[in-house]
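# Residue-level structure breakdown
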Amino acid sequence: MDTTRIEKIKEAIKARESAVIAFSGGVDSSTLAALAFEELGEKALAVTIDSPLFPRQQLETASQTACEIGIQHKILPFSLNSVPYFSANTINRCYFCKKALLETLLEFAEKIGFNVVLEGTNASEIKGKNRPGYRAIQEAGEKIYSPFVEFGVTKEEIREIAANLSLSAASRPSAACLATRIAYGQPITPEALEKVEKAEDYLLDLGFTQFRVRMHSNLARIEVTDKEFEDAFRKREKISRHLKALGFDYVTLDLEGFRSGSMDEPYMRKRAEDKEEVEEE
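I will try to describe carefully the structure that is included in this document. (Residues numbered from 1 in each chain as written. Predicted model: local features only at pLDDT ≥ 70, side-chain atom pairs only at ≥ 80, totals over all residues. Heavy atoms only, no water.)

Glancing now at unusual backbone geometry. The phi angle at E17 is positive, at roughly 75°, despite the residue not being glycine. Locating E17 in the fold gives a position in the loop between α1 (3-16) and β1 (19-22). The phi dihedral of S217 falls on the positive side, at around 55°, and the residue is not glycine. Along the chain, the position of S217 falls in the loop between β6 (211-216) and β7 (219-224). (Helix = DSSP H or I, 4+ residues; strand = E, 2+ residues; numbered from the N terminus.)

Next up, the structure:
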């Protein structure tokens, strides 16, 4: 990525004078936090929202990454009970959750006298997908600033910046909240979230790096990358036995492998079919 755009991002951050960074410890928020810390120093604060949607291992990673960057780090507790309509798990679930999370961050920023909340949505994430969470960001106004979107920075470019900054997050696999593992229409409960988290912790312990355990009723659908598919198949009996001990009735290995947003696929297909029908008319 050219240095001109990076400098423009840093200038835009510096112009805000003080900022809370929505910080998960992933590559996007870590890179943003590092750039903000360079420009704002003690006027940059990384804030991680601690909720049942955020895996414990990710929380530990976020704390470690903040120490690596050198930025101040704050963990804020968050209850899902404060998110209306969320547990019903509709296609717009992320909108309600993101809206509540942003309100929490904005209230905190105002409380400590910081001017803006920085968040790390990138240009790769907002094209051609179901992104109700981004709508909540857009509705929040100027107090929420997404520099990677404004300057058209893609995921791969962010990884490049992170590598140049020697951040451990540069090669860290993409992560998403645990709610994305549960099929739309299936209620999101603490028990379901815990079951999915324990299943993914087990796969992590087995050495898998990029994967998801998707929950359909009480069936676990495992997505792994192509290069780890054979390993998952070899370990299928061990994996199935462990996940059933966690309470799943059935355990399956998805032939299409890992891909982000797979729960949206039926919805996107239906929308494409509806569009074709309208065009034919």
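After that view, the rundown keeps rolling.
Centre-to-centre distance and the angle between the planes together describe a pair of aromatic rings. What the rule picks out here adds up to 2 aromatic pairs. Taking 5.2 Å as the distance between ring centres and 50° as the angle between the ring planes, the aromatic pair formed by Y85 and F96 counts as tilted. With a gap of 11 residues between them, Y85 in the loop between β3 (72-77) and α4 (93-112) and F96 in helix α4 connect regions that are remote in the sequence. Residue classification places Y85 among the exposed positions, given a relative accessible area of 60%. For F96, a relative accessible area of 24% puts it in the partly exposed group. Put simply, the rings of Y85, Y95 and F96 pair up and form one aromatic cluster. Between K195 and the ring centre of F248, over which it is positioned, the NZ or CZ distance is 5.2 Å. We note R236 situated over the ring of F233; from NZ or CZ to the ring centre the distance is 4.1 Å. (Phe/Tyr/Trp six-rings, centres within 6.5 Å; stacked < 30°, edge-to-face > 60°. Buried < 20%, exposed > 50% of the residue type's maximum accessible area, 1.4 Å probe, protein only. Lys NZ or Arg CZ within 6 Å of the ring centre and 35° of its normal.)

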